[in-house]
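# Analysis of the macromolecular model
Spelled out from the first residue to the last, the chains are:
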Amino acid sequence: KKMTTQEFLKEEQEEAPLPQEELDAIKAVARAEQDVVVDDDDHAGGGGHDDHDHHHSEFKFYSRPKQRQKWGESQVLPHTNFNDLFFDLFYVAAAYNLGSLIRASPTSLGVLYFVGCFYPIMMIWLQKTFYDARYDAGNDLFHKLYEFFVVVVLGTAVLYIRPVAYLSTPAANEDIFVFSTCILIANLLAIGRSVDVIRNVKGEQAAKRSGWTEIKMFSGMAVFYLAATILSANDHFGSSSDYGNYGSAYDDTTTTNSTVDTMTNSTGGARRFLAGGGDYGDTNHLPMIMLFVGALMYNVGVLFLTFRSEFDKDFDPKEAAVPINIGFFIHRFGEWIMLMLGESVLSLLVVPTQQGDYYKAFFCGMLSITFLQVLHFRSQPHEADEHALRRSRKGGFIFIIFGQLYSAALIVLGTSYKMILFEFVFAQDAGEARRLLLDAGYSAEEIAQDADLLRYLAASGPPIDDVEVRQQHVAHYFCISMAIVWLCLDVLLLAHKGLDFNLKRCHDAKCKRNQYIGKAMFFTRTGLILFFGTMGFYITEPTLLSFLGLMGIIVQLGLRLGGSVAFDDETLEDVPQCAYNINGPKSLTCAVSLRLQQITGKKLPGKLGSCSASDKPAP
């Protein structure tokens, strides 16, 4: 007969005690069915963990945030939240603007401003994602308006991700001041979420302790963000100098008829106009450095929490933190990586077409990004049981740190493909500009000797005049970012399985032959990373670079597939689990899943719902 989960639980407990894992699983489903949340005193109350029910409940002005799961509970993947997808759209523009920044300044200074903009922007995403993975804010007006404000601040920050020439001159341009102010406000809004949790959360006492810990972490970040805002404001509002034009002559759309007449009647005036670049003002890199250091304070906080139990034996992570929904985080991080790969697709497609070798580089780039997407999702687990955040706290820390570096490298790699394609565009544009000058009456000797005309030719596209120097920078960006992407993928894979697991895969005598295969694969992958990391020093030709990049990704993909065939991965039960892993126990087995489906009459979501009677082990 059909019965409720509570009725079944009562009947089973009277007859015989259930295994603890099965008991926890049934309790978790009961909470979802009956909209039950455990409060500070471990009493049941209304509220529920299920997003679908919660977001279709009565609309209120304010509802208390609810803890999604407790330690020791089996987790249920929340329903898709379209607000998260809308939030991610702003990061499409952020990735594209970051790519434009690095393309306009392919130098070491450009790298500083790239990471100084990227890391604070990504911290906003991580703060929101980890909050959503632990709490359900509800379908109320207050939290909707709160997240709307976060989106407005984020969008404004993305708008002011500009080239280095603007961000490095706060005295003349407001870009760095507005950007740092938005980053500071977004961080304060993250602190506001933690305050809301401390005061109003429906959940365990550990949720409030976790809120206080996050306030300390985010306050450390806010100190550096505030310093960047004050420094840029002091330069911008404290300077009385008139810096003239904002940008280059080509940015000025208010050219008057008198200016045109002057250009027409005066060759010198025309040359000055064509070569004029405007005054960007005095540079100040300290605000950007403060932003970068402030973002890194997030990782310092995570590092402290990860290793606190090593030097504080009385510290219990389960009493000071709330478990995150690993399945939800896997889903969100997969969407995040798709955004980073999407920037590569945009970089390849939004480029003027040319003839000849342009199409060779273009199709090599398209195939490379496609195979890179396959390589990524082939390397990452799709189940919570197999993820680094479940395996151990240290594995989770490694995943978070290298996941950030991996995301940044993907943006630079996509932009590098765009810079490679633009090499063909620059060659074409420079030729056309030179022909225009010849048609205007300049001789080849005048063009070669006149510095103003040479600046005009340079202004037709390339950020660096010298072709060899420019292509050397492009090669370094391309090769180093590709090597970092491969390195991060390998480190993330190690974080998921653990170093001990990978080392003992072939300790069994029956796979002695595979020991040599494993060593060969290791040295091949290491050699490939080292080769690509240094390849920019001796290979700079754009077409050859794109072709070698494609070949390298194909080899990496082949090694990954070959490793899966050569080695039979042991089950994760054979891997020692950390006593304080940050996600709790494993998901339900098929046997428990079938019993739950039988007593509730409902099909369970995700992998659990795919179990059939044939999957149930014989008694």
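Residues numbered from 1 in each chain as written. Predicted model: local features only at pLDDT ≥ 70, side-chain atom pairs only at ≥ 80, totals over all residues. Heavy atoms only, no water.

## Concerning the overall build of the protein chain
Helices and strands together make up the secondary structure of the protein chain, namely 24 helices and four strands. Scored against the burial criterion, the 619 residues of the protein chain give a buried share of 50%. Nonlocal contacts in the protein chain, meaning residues at least 24 apart in sequence, comprise 82% of its contacts between residues at least 6 apart. For the protein chain, the computed accessible surface area is about 28,900 Å², with 61% contributed by carbon and sulfur atoms. (Helix = DSSP H or I, 4+ residues; strand = E, 2+ residues; numbered from the N terminus. Buried < 20%, exposed > 50% of the residue type's maximum accessible area, 1.4 Å probe, protein only. Contact = heavy atoms within 4.5 Å. Areas by Shrake-Rupley, 256 points an atom, 1.4 Å probe, with all protein chains shown as cover.)

## Section: the side chain of Ser 210
Within the secondary structure, Ser 210 is located in helix 9 (residues 205-238). A relative accessible area of 5% means that Ser 210 is categorised as buried. Aside from chain neighbours lying at most four places away, what touches Ser 210 is Arg 134, Tyr 135, Ala 320, Ala 321 and Val 322.

## Observations regarding the packing of aromatic side chains
Enumeration over the complete set of coordinates arrives at 26 aromatic pairs. When the ring of Tyr 91 is compared with that of Trp 336, the centres are 5.2 Å apart and the planes differ by 65°; the resulting orientation is edge-to-face. Residue Tyr 91 is located in helix 4 (residues 82-104), and its partner Trp 336 is located in helix 14 (residues 326-349); the two are separated by 245 residues in the primary sequence. Overall, Trp 336 belongs to the buried group, its relative accessible area being 1%. Their ring planes at 90° and their centres at 5.2 Å tell us that Phe 177 and Phe 237 sit as a pair that is edge-to-face. (Phe/Tyr/Trp six-rings, centres within 6.5 Å; stacked < 30°, edge-to-face > 60°.)

## A short note on the pattern of salt bridges
Applying the stated criterion across every chain, the model contains twelve salt bridges. The salt bridge involving Glu 423 is made with Arg 470; its shortest N-O contact spans 2.8 Å. Here the residue Glu 423 occupies a position in helix 17 (residues 393-439), and Arg 470 occupies one in helix 20 (residues 467-497), the gap between them amounting to 47 residues. Relative accessible area serves as the criterion here: at 7%, Glu 423 is assigned to the buried category. A single network of salt bridges, built from pairs that share partners, joins Asp 84, Lys 128 and Asp 132. (Salt bridge = Lys/Arg side-chain N within 4 Å of Asp/Glu carboxyl O.)

## Here we look at helix 15 (residues 358-379)
Between its first and last C-alpha, helix 15 extends 31 Å over 22 residues, near the 32 Å set by a 1.5 Å rise per residue. Those residues of helix 15 not exposed but buried are Tyr 358, Ala 361, Phe 362, Cys 364, Gly 365, Ser 368, Ile 369, Leu 372, Leu 375, His 376 and Ser 379. On an axial view of helix 15, the arc spanned by its buried residues comes to 160°, and they lie on one face. Helix 15 presents Lys 360 and Phe 363 as exposed residues on the side facing more than 90 degrees away from its buried surface. (Expected span 1.5 Å × (residues − 1). Arc of directions from axis to C-beta.)

## Considering the packing of helix 5 (residues 108-134) against helix 8 (residues 175-200)
In a packed pair of helices, the relevant descriptors are the angle between the two axes and the axis-to-axis distance. Following both chains from N to C, one finds helix 5 and helix 8 inclined at 20°, their axes separated by 11 Å at the closest point. When the axis of helix 5 is compared with that of helix 8, the two are roughly parallel. Crossing of helix 5 over helix 8 shows left-handed handedness. In contact with Gly 116, Cys 117, Pro 120, Ile 121, Ile 124, Gln 127, Lys 128 and Tyr 131 of helix 5, helix 8 contributes Phe 179, Ile 183, Ala 186, Asn 187, Ala 190, Arg 193, Asp 196 and Val 197. When the residues that make up the contact of helix 5 with helix 8 are grouped by side-chain class, the tally is ten nonpolar, three polar and three charged. (Axes fitted to C-alpha atoms, helices over the stretch in contact; angles between N-to-C directions. Parallel < 35°, antiparallel > 145°, perpendicular 65-115°, else oblique. Left-handed = near helix turned anticlockwise from the far one by under 90°. Nonpolar A, V, L, I, M, F, W, Y, C, P; charged D, E, K, R; others polar.)

## Looking at the packing of helix 14 against helix 15
Axis separation between helix 14 and helix 15 bottoms out at 10 Å; the angle between their running directions is 175°. Our classification of the angle between helix 14 and helix 15 gives roughly antiparallel. Contacts between helix 14 and helix 15 involve Phe 333, Gly 334, Ile 337, Met 338, Leu 341, Ser 344, Val 345, Leu 348 and Leu 349 from the former and Phe 362, Gly 365, Met 366, Ile 369, Leu 372, Gln 373, His 376 and Phe 377 from the latter. Its residues assigned to classes, the contact of helix 14 with helix 15 comprises twelve nonpolar, five polar and no charged.

## Thoughts on a nonpolar patch on the surface
On the surface, a cluster of nonpolar side chains totalling about 380 Å² of accessible area is made up of Phe 61, Leu 141, Phe 142 and Leu 145. Relative to the assigned elements, Phe 61 resides in the loop between helix 3 (51-55) and strand 3 (66-67). On the basis of relative accessible area, Phe 61 is assigned to the exposed category, the value being 58%. (Patch = residues over 30% accessible without salt bridge, like charges linked within 9 Å, V, L, I, M, F, W, Y side chains within 5 Å.)

## Quick notes on the nonpolar core
One finds Tyr 91, Phe 114, Ile 121 and Trp 336 to be the most contacted residues of the largest nonpolar core, which totals 118 residues. The element best represented in this core is helix 17, accounting for 17 residues. Not counting residues up to four positions away in its chain, the partners in contact with Trp 336 are Tyr 91, Phe 118, Met 122, Trp 125 and Ser 407. Tyr 135, Val 197, Val 201 and Ala 207 belong to the second largest nonpolar core, which has seven residues in total. (Core = buried A, V, L, I, M, F, W, Y, C linked by side-chain atoms within 4.5 Å.)

## Some thoughts on helix 20
For helix 20, with 31 residues, the first-to-last C-alpha span of 45 Å sits near the 45 Å given by 1.5 Å per residue. Two residues or fewer past helix 20, Gly 498 is found with a positive phi of approximately 95°.

## Structural notes on the environment of Ile 230
Within the secondary structure, Ile 230 sits in helix 9. It is 9.1 Å that separates the C-alpha atoms of Ile 230 and Ser 180, two residues lying 50 residues apart in sequence.

## Here's the deal with the confidence of the model for the protein chain
Scored by pLDDT, the protein chain has a mean of 76; 65% of the residues are at 70 or more. Within the protein chain, no element has a lower average pLDDT than helix 11 (residues 267-275), which sits at 38, and none a higher one than helix 8, at 94. Scored below 50 in pLDDT, residues 33-56 makes 58 contacts in the model with residues more than four places away or belonging to other chains. Taken as a whole, residues 570-589 scores under 50 in pLDDT and shows 57 contacts with residues more than four places along the chain or in a different chain. (pLDDT = per-residue confidence, 0-100.)

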